[in-house]
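For reference, the chains in residue letters:
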Protein chains: 2
Amino acid sequence: MKRLDTRNPGFEADFASLLTAREEQGQEVHKPVAEILAAVRQKGDATLCALTEKFDRLPLTPAQLAFTADEIAAACTQVSPELMAALDVAATRIESFHKAQMPSDIRYTDDVGMTLGLRWIALDAVGLYVPGGKAAYPSSVLMNAIPARVAGVQRLAMCVPTPDGIINPLVLAAAHRAGVTEIYRVGGAQAVGAMAFGTQTIRPVDRIVGPGNAFVAEAKRQVFGHVGIDSIAGPSDVVVISDSATDPRLIALDLLAQAEHDELAQATLITPDAAFADKVTEAVTTELKTLTRTTIASASWERNGAVLVTKDLEEAITLANRLAPEHLELMVDDPEALFAKVRHAGAVFLGRFCPEAVGDYVGGPNHVLPTSRTARFASGLSVFDFMKRTTFLAGGPDALRRIGPAGVALAQAEGLEAHALSISARLDALVQTTPNA
Amino acid sequence: MKRLDTRNPGFEADFASLLTAREEQGQEVHKPVAEILAAVRQKGDATLCALTEKFDRLPLTPAQLAFTADEIAAACTQVSPELMAALDVAATRIESFHKAQMPSDIRYTDDVGMTLGLRWIALDAVGLYVPGGKAAYPSSVLMNAIPARVAGVQRLAMCVPTPDGIINPLVLAAAHRAGVTEIYRVGGAQAVGAMAFGTQTIRPVDRIVGPGNAFVAEAKRQVFGHVGIDSIAGPSDVVVISDSATDPRLIALDLLAQAEHDELAQATLITPDAAFADKVTEAVTTELKTLTRTTIASASWERNGAVLVTKDLEEAITLANRLAPEHLELMVDDPEALFAKVRHAGAVFLGRFCPEAVGDYVGGPNHVLPTSRTARFASGLSVFDFMKRTTFLAGGPDALRRIGPAGVALAQAEGLEAHALSISARLDALVQTTPNA
């Protein structure tokens, strides 16, 4: 863990290195991923089956790639009623928040008589990648799938690797609850290739979302343009801004909830109270002794954890904006006042009784959020990721008379003669005929 | 030009080849681009100057990379008053349409007492790439820059190569009118690298937009994640649906307005009238004889042009949706009825007096649109490209009591103990104390 104080002369240099510390840790996987994608594109199911046997030790025929409805129903019965109820609380709240996001079409007629606007339309088909093994989080299935269904996407295919044939039944139950229409036992770059290009069994989709390892991320990068993709997810991070009135143990647990994800995860406390910073640091050390995921959480905290002591809360929010965190907790007396000053954060949690973990599961807003400081330009997953806009322009002779000549002038200036003629020939026709076409 | 008729038995196979004909024409430029980006990142301005001398035959010092305010003002005086007025008509209409797009924040308190919502915030800084030479279109400068400024972006940097030092003054005038804050004489992958990573002279931006050649597109692909990018633009295309009541020459000019862009551009007519298709084809041949850009337009029309004869307009719109065109013209009696059935198109132009060329310049909606069938999942440029969303969640003890337990159950099921504790420790604290924190 790094501890910095804004009153120290070396602060700016240390803070700058904090901003870039976790960059460029990616493996060079361009070539193997390109080879897998080419193989999937050429040989389809045969490549999926061969690579699934190789990487997941699971021999499959093409007919076994998809989970059957019976297999999915059976998985749901394996989940306890209490968990199924919790899943439903989460799903219902996520649905509700994403319904509130649904945008409106625009249509108006302007002063020259042009009618123009834009229409939002759901994508036809979306692919959802879900990591395998321990990283197969049911909550992430809900967070990725529900916005697509709320947006109106009809076909929602999911790919999840099942190493040694093992699948978490709660993942299938979450997919079922969220309205996923197809589930395939395929992972890695090959799953991304299958969803992008299609195989004999898996029809191609229009956009692929969901987190994955370095191979999955690189595969998404390479198929971008052919299909849409979401942001490439990096390791998770949280910034907690707290005054000294919060129980230090609660802040320690919030930091560790981030640290336990991944050794590359980053948990940062910003506080104006140096003594409070000490107490939180001590509480982290205490809690780390009992956590089940202590190895991961310790590594994350030691290598990437940070405690920043500032002169006041105002300075704390300035630093938070520079960090552009994925998650930002405001554990202070008046969180709304601080929130008004937030410019760069994926999701913000206001109040001592509203920790980020609530948002991971049952808050309603999406937990798929911009990592690695990309909150500077990117947003959390939403219905907007599963819709696109078509603009339109409608006008008759009168409108063309008003704005056509300016179009002709610009087209001629750009040397695009047919563009100019396409407008001017219509203007000529209007001079020759009655303007009622 | 390919002519297909839906009543012919071979139609489906021919149409399928039409859908994929222009794919995979990209050069393999991954490695040279990676090298340029690494050099820019390491050596900054020195690399920009060296590569600008090499590729644009223009020796520059770092101090000369940026156009000065005087140079920009001088360029504006070189443009005729008529063209300046046309530029203003275009800019005013583009501003007006993009202002109409501005989204609203969301905030509500739900049935468990949680307050949640999302806030739209403009990006801090955006980079605009503008191609050099003949492809430096002033209209594209307006279309890329104005939405950013309307969205509220404060810093808008533009890079444009100036081969042999030559710049179109109308490009500088357009940038000035659109509110670009900095303009640099740099192009290619090195410009993308400079805007993504920053150099001594060019501060880094948060998102890079604008079209470019294969090197620029690959560079944008490689910096994606570090900064945001827009869609990778491919060659332009139009689908024109017309009945027999439109003057065939006008339709021919509309098709050629697309064909004159680029040999890879694709112009497609869909009509239910075979005799009308003949007349348009003849008119294209006639017009091609007199066009200044006849070599490019002829090559585009011969190689990528298409005429599809359908049994009715209903079938025409079905094929248009499968083509997912960048531009779609509806030159029919009742264009609104057809438009209601459009699912996949970047921008639609309704009515015989509303050709696509109007939208290229003075319509108002953006002319930066999804190419290469990406209208299946992508949208034209808009204010949304220059803003991001921050979601938020605020709640006190009562809300936590209602939804916290479901969160704890899911966190435990996912094996994330600190997540569960972060919630349950707060619930425990509520049991022990008065619930008024």
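Residues numbered from 1 in each chain as written. Chains lettered and ligands numbered in written order. Predicted model: local features only at pLDDT ≥ 70, side-chain atom pairs only at ≥ 80, totals over all residues. Heavy atoms only, no water.

- The name recorded for chain A in an unreviewed UniProt entry is Histidinol dehydrogenase, from Acetobacter orleanensis.
- As stated in UniProt under Catalytic activity (unreviewed entry), the record for chain A gives "L-histidinol + 2 NAD(+) + H2O = L-histidine + 2 NADH + 3 H(+)".
- Of the comments in the UniProt record for chain A, the one headed Function (unreviewed entry) reads "Catalyzes the sequential NAD-dependent oxidations of L-histidinol to L-histidinaldehyde and then to L-histidine." (UniProt positions renumbered as here; feature names shortened; annotations may be inferred.)

1. Regarding the UniProt feature "binding site: substrate" (unreviewed entry) in chain A
Part 1: Under the present numbering, the feature "binding site: substrate" (unreviewed entry) in UniProt falls on Ser236(A), Gln258(A), His261(A), His327(A), Asp360(A), Glu414(A) and His419(A). Considering the C-alpha atoms alone, the annotated residues occupy 184 residues of sequence and remain spread out, their largest mutual distance being 55.8 Å.
Part 2: Within the element layout of this structure, His327(A) appears in strand 12 (residues 327–331).
Part 3: When its relative accessible area of 2% is taken as the criterion, His327(A) is described as buried.
Part 4: If we skip the residues at most four places from it in the chain, His327(A) touches Ser236(A), Asp237(A), Val238(A), Val239(A), Gln258(A), Ala347(A), Phe349(A), Glu356(A), Asp360(A) and Leu369(A).
Part 5: By the secondary structure assignment, Glu414(A) is in the loop between helix 16 (397–413) and helix 17 (417–432).
Part 6: Residue classification places Glu414(A) among the buried positions, given a relative accessible area of 9%.
Part 7: Once residues within four sequence positions are removed from consideration, Glu414(A) is found in contact with Tyr137(B), Pro138(B), Ser139(B) and Tyr361(B). (Helix = DSSP H or I, 4+ residues; strand = E, 2+ residues; numbered from the N terminus. Buried < 20%, exposed > 50% of the residue type's maximum accessible area, 1.4 Å probe, protein only. Contact = heavy atoms within 4.5 Å.)

2. So, the relation of the copies chain B and chain A
Part 1: Least-squares fitting of chain B to chain A yields an RMSD of 0.0 Å, with the superposition described by an axial translation of 0.0 Å and a rotation of 180°. Overall, the copies show the geometry of a two-fold rotation axis. Closest approach to the rotation axis among the C-alpha atoms of chain B is made by Arg221(B), whose C-alpha sits 3.8 Å away.
Part 2: When the interface residues of chain B are mapped onto chain A, 100% of them are again interface residues, pointing to one common binding face. (Least-squares fit on C-alpha atoms with pLDDT ≥ 70 in both.)

3. Comments concerning unusual backbone geometry
Note on backbone geometry: most residues besides glycine have negative phi, and most peptide bonds are trans.
Part 1: Even without a glycine there, the phi angle at Arg57(A) is positive, about 50°.
Part 2: If you trace the backbone, Arg57(A) turns up in the loop between helix 3 (45–56) and helix 4 (69–78).
Part 3: Positive phi is not limited to glycine here, since Arg373(B) has a value of about 65°.
Part 4: Looking at the secondary structure, you find Arg373(B) in the loop between helix 15 (356–361) and strand 14 (387–394).
Part 5: Arg373(B) gets classed as partly exposed once you look at its relative accessible area, which sits at 24%.

4. Concerning the UniProt feature "binding site: Zn(2+)" (unreviewed entry) in chain A
Residues and elements named next belong to chain A.
Part 1: UniProt records the feature "binding site: Zn(2+)" (unreviewed entry) for Gln-258, His-261, Asp-360 and His-419 in the present numbering. In sequence the annotated residues extend across 162 residues, and in space they extend as well, their farthest C-alpha pair lying 55.8 Å apart.
Part 2: Here Gln-258 is to be found in helix 10 (residues 248–259).
Part 3: Those residues within four positions of Gln-258 in sequence are excluded, and the remaining contacts are Ser-236, Asp-237, Val-238, Ala-265, Gln-266, Ala-267, Glu-326, His-327 and Glu-356.

5. A closer look at the domain arrangement of chain A
Residues and elements named next belong to chain A.
Part 1: Under the domain assignment, chain A is made up of domain 1 (30–103 + 123–231), domain 2 (234–379) and domain 3 (396–432).
Part 2: On a C-alpha basis, the centres of domain 1 and domain 2 stand 30 Å from each other.
Part 3: At the interface, 13 residues of domain 1 touch 13 residues of domain 2.
Part 4: Of the roughly 1,000 Å² buried between domain 1 and domain 2, counting both surfaces, carbon and sulfur atoms make up 55%.
Part 5: If you look at where domain 1 meets domain 2, you find zero salt bridges. (Domains from an automatic or database assignment. Buried area = accessible area lost by both parts, 1.4 Å probe. Salt bridge = Lys/Arg side-chain N within 4 Å of Asp/Glu carboxyl O.)

6. Describing the nonpolar core
Part 1: Counting residues in hydrophobic clusters, the biggest one holds 152 residues, and the most contacted among them are Met158(A) and Met158(B).
Part 2: Ignoring anything within four residues of it in the chain, the contact list for Met158(B) reads Leu128(B), Val130(B), Val141(B), Val171(B), Ala175(B), Val180(B), Glu182(B), Ile183(B) and Tyr184(B).
Part 3: Grouped together as the second largest cluster of nonpolar side chains are 67 residues, Val29(A), Leu60(A), Val29(B) and Ala219(B) included. (Core = buried A, V, L, I, M, F, W, Y, C linked by side-chain atoms within 4.5 Å.)

7. Digging into the packing of aromatic side chains
Part 1: All told, the structure shown has 12 aromatic pairs over all chains when counted by the stated rule.
Part 2: The structure contains a cluster of three or more aromatic residues connected by ring pairs, namely Trp120(A), Phe384(A), Trp120(B) and Phe384(B).
Part 3: When the ring centre of Phe339(A) is taken as origin, the NZ or CZ atom of Arg119(B), which lies over that ring, is 3.9 Å away.
Part 4: Here the guanidinium or amino end of Arg185(B) rests over the ring plane of Phe67(B), the centre of that ring lying 3.9 Å away. (Phe/Tyr/Trp six-rings, centres within 6.5 Å; stacked < 30°, edge-to-face > 60°. Lys NZ or Arg CZ within 6 Å of the ring centre and 35° of its normal.)

8. Observations regarding the pattern of salt bridges
Part 1: All told, the structure shown has 50 salt bridges over all chains when counted by the stated rule.
Part 2: The partner of Lys220(A) in a salt bridge is Asp230(A), with the nearest N and O atoms 2.5 Å apart. Within this pair, whereas Lys220(A) is found in helix 9 (residues 214–223), its partner Asp230(A) is found in the loop between strand 8 (228–229) and strand 9 (237–242), the two being separated by 10 residues in sequence.
Part 3: Residue classification places Asp230(A) among the buried positions, given a relative accessible area of 6%.
Part 4: Linking Arg203(B) and Glu182(B) is a salt bridge whose minimum nitrogen-to-oxygen distance equals 3.9 Å.

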